[in-house]
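This is what each chain is made of:
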Amino acid sequence: MKRPNYFQNNSKNTLIEKYHLYKGEKLNWFQVTLRLERSIISIILPWVVLCTVYGIFISCLYHLGLPIAFADSNSIITNAVLSFNIGFTLLLVFRTNTAHDRFWEGRQLWGSLVNTSRNLTRGIWIIVKEKTPQDKVEKEAMLRLVTAFAFAMKLHLRSSPLDTQLASLISEKQYFQLQNTNHPPLQIAYWIGDYLQYQHDRNCLNVYQLTTLHNCVDDLVDILGGCERILKTPLPLIYTIKLRQLLLIFCLILPLEIVSLLNWWTGIAMAFVSFTLLSIEQIGSEIEEPFGFDPNDLPLNAICNTISSNVEELIRLASNNVRSS
């Protein structure tokens, strides 16, 4: 009896394996960490340096004997600062949780897109009857059009132009039409629905089968609408403005509160605290728009490639399938 390899199973939970599963790229631990942190550090680093310099400046003033530190005996100031810290922390937690909810909803929608694409392509291949050899060619083209919907949806959410990967999935005439439309994924959904209706008119689909497949197309459009809702309805800007105001006030007050205890270490403490708080705030700002190009955004390229490989495998296996009598 073969023993289970616990070390091999546990390796799937490592940072490297998780990133590979998430993004489809095989990188070492340092590369993964650097890539995920790079987009955040590049934005917050100037502010961290500014907070550090400010902390050193407060230390210098305190060393010169200026009465800038909060008195330990003044309970009113201490309680006021404590209340401010609690309110600021709660708002920061709210912002992070709200951003994660938007990120997770986006992931659920793209997961639904994968499942709906599988159901639709499987249904088209099995249900639609083939009367001529050309019907099979058109059916394969339609399956790739479902894949094209996913790629067009990704480009639409990113406000990116049509690319060669999308062009390889459709005909030249269709690609030209997409270049002259304002909403490529919606146009592709129309082509899929039109194909299904045409097959029904040719008696290659009955009305119940047509309804089932049309429901899958409707689900594609609903998923597209859900992603557009996330994209075009950002978190109310007043939360972002107020959070950054409170973050600024916190960084201005903190050195006055700790300088009497840390003295020349105040700048180091400010660097650590500001880096932590600014990182959390920037993470929330980054993941609340989950369809972009940032390393921490959703892996839309990997998801689209999954849909493409599923469709191509379906075409390959179904074409070679021989029904047993």
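Small disclaimer: the values here were computed from a predicted structure and weren't measured. (Residues numbered from 1 in each chain as written. Predicted model: local features only at pLDDT ≥ 70, side-chain atom pairs only at ≥ 80, totals over all residues. Heavy atoms only, no water.)

1. Notes on the overall build of the chain
To be explicit about the condition: To qualify as a helix, a DSSP run of H or I must reach at least 4 residues; to qualify as a strand, a run of E must reach at least 2; elements of each kind are numbered from the N terminus. Each residue's exposure class comes from its accessible area (1.4 Å probe, protein chains only) as a fraction of the maximum for that residue type: buried when under 20%, exposed when over 50%, partly exposed otherwise. By definition in these notes, contact holds between two residues if any of their heavy atoms fall within 4.5 Å. The method behind every accessible area is Shrake-Rupley, applied with a 1.4 Å probe, and residues are considered shielded solely by the protein chains displayed.
In terms of helices and strands, the chain carries 12 helices and zero strands. In sequence order, the chain lays out its α and β elements as α-α-α-α-α-α-α-α-α-α-α-α. For the chain, the proportion of its 325 residues judged to be buried stands at 38%. Across the chain, contacts joining residues at least 24 apart in sequence account for 73% of those joining residues at least 6 apart. As displayed, the chain offers around 19,000 Å² of accessible surface, 62% of which is attributable to carbon and sulfur atoms.

2. So, the packing of helix 5 (residues 133-157) against helix 8 (residues 184-201)
The condition that has to hold: Lines are fitted to the C-alpha atoms to define the axes, a helix being fitted only along its stretch in contact, and any angle between axes, read from their N-to-C directions, falls within 0 to 180 degrees. Roughly parallel means an angle under 35 degrees; roughly antiparallel, over 145; roughly perpendicular, 65 to 115; everything else is oblique. With the far helix as reference, a near helix turned anticlockwise by less than a right angle produces a left-handed crossing, and one turned clockwise produces a right-handed crossing. Basically, the charged four are Asp, Glu, Lys and Arg, the nonpolar ten are Ala, Val, Leu, Ile, Met, Phe, Trp, Tyr, Cys and Pro, and anything else, Gly included, counts as polar.
In the contact formed by helix 5 and helix 8, the axes pass within 8 Å of each other and the chain directions differ by 160 degrees. As the angle between them shows, helix 5 and helix 8 are arranged roughly antiparallel. The handedness of the crossing between helix 5 and helix 8 is left-handed. For the pair formed by helix 5 and helix 8, the contact residues are E138, K139, M142, L145, V146, A148, F149, A152, M153 and H156 on the first element and P184, P185, I188, A189, W191, I192, Y195 and Q199 on the second. The residue inventory of the contact of helix 5 with helix 8, partitioned by class, reads 14 nonpolar, two polar and two charged.

3. Thoughts on the packing of aromatic side chains
Definition in use: Only the six-membered ring of Trp is used, alongside the rings of Phe and Tyr, when aromatic pairs are assigned; centres must lie within 6.5 Å, and planes under 30 degrees apart are stacked while those over 60 apart are edge-to-face, with the rest tilted. Geometrically, a charge over a ring is one whose NZ (Lys) or CZ (Arg) sits within 6 Å of the ring centre while staying within 35 degrees of the ring normal.
Across all of its chains, the model carries two aromatic pairs by this definition. For the pair F94 and Y239, a centre-to-centre distance of 5.0 Å together with 45 degrees between the ring planes defines the contact as tilted. Here Y239 lies in helix 10 (residues 237-262) and F94 lies in helix 4 (residues 75-127), a separation of 145 residues in the sequence. Here the guanidinium or amino end of K139 rests over the ring plane of W125, the centre of that ring lying 5.3 Å away. We note R158 situated over the ring of F293; from NZ or CZ to the ring centre the distance is 4.5 Å.

4. Digging into the pattern of salt bridges
What counts here: A side-chain nitrogen of Lys or Arg and a carboxyl oxygen of Asp or Glu constitute a salt bridge if their distance falls within 4 Å.
Applying the stated criterion across every chain, the model contains nine salt bridges. Between E130 and K139 there is a salt bridge, and its shortest N-O distance comes to 3.0 Å. Two residues, R144 and E312, come together in a salt bridge whose shortest N-O distance is 2.9 Å. You can see R144 sitting in helix 5 and its partner E312 sitting in helix 12 (residues 300-319), a full 168 residues away along the chain.

5. Side note on the side chain of R95
Relative to the helices and strands, R95 resides in helix 4. R95 gets classed as buried once you look at its relative accessible area, which sits at 2%. Apart from the residues within four sequence positions on either side, R95 is in contact with L235, T240, L243, E281, G284, S285 and E288.

6. Observations regarding unusual backbone geometry
Here the phi dihedral of S159 falls at roughly 55 degrees; this positive angle occurs in a residue that is not glycine. The topology assignment puts S159 in the loop between helix 5 and helix 6 (164-167). S159 gets classed as exposed once you look at its relative accessible area, which sits at 67%. You will see that N203, though not glycine, has its phi angle at about 65 degrees, which is positive. Along the chain, N203 falls in the loop between helix 8 and helix 9 (207-232). Overall, N203 belongs to the exposed group, its relative accessible area being 58%.

7. What to know about the confidence of the model for the chain
As a reminder of what qualifies: The quantity called pLDDT is the predictor's confidence in a given residue, expressed from 0 to 100.
Residues of the chain with pLDDT of at least 70 account for 86%, and the chain-wide mean is 86. Confidence drops under pLDDT 50 across residues 4-9; counting only partners more than four residues distant or on other chains, this segment forms zero contacts.

8. What to know about helix 10
Worth spelling out the cut-off: One fewer than the residue count of a helix, multiplied by 1.5 Å, yields its expected span. Fitting one axis to the seven residues ending at a residue and another to the seven starting there, the bend at that residue is the angle between the two axes.
Here helix 10 contains 26 residues, and its C-alpha end-to-end distance of 36 Å stays within 8% of the 38 Å for a straight helix at 1.5 Å per residue. Of all the bends in helix 10, the largest measures some 30 degrees and sits at L256. Within helix 10, burial applies to T240, L243, L246, L247, F250, C251, L254, P255, L256, I258 and V259. Phi for N263, located one or two positions after helix 10, is positive at around 55 degrees.

9. Some points on the packing of helix 7 (residues 172-179) against helix 8
Orientation of helix 7 relative to helix 8, taken along the N-to-C sense of each, is 135 degrees, at an axis distance of 9 Å. The orientation of helix 7 relative to helix 8 falls into the category oblique. Seen along the crossing, helix 7 lies across helix 8 with a hand that is right-handed. Residues Q174, Q177 and L178 of helix 7 pack against P184, Q187, I188 and W191 of helix 8. The residue makeup of the contact of helix 7 with helix 8, split by class, is four nonpolar, three polar and no charged.

10. Let's talk about a nonpolar patch on the surface
Rule in force here: Here the term patch refers to residues with relative accessible area over 30% and no salt bridge, with like charges joined within 9 Å and nonpolar side chains (Val, Leu, Ile, Met, Phe, Trp, Tyr) within 5 Å.
Taken together, the side chains of I41, L45, V49, V53 and F275 define a hydrophobic patch exposed on the protein surface, amounting to about 400 Å² of accessible area. Top contributing element to the nonpolar patch by residue count: helix 3 (residues 29-63), with four residues. Of the residues examined, L45 reaches a relative accessible area of 45% and is grouped as partly exposed.

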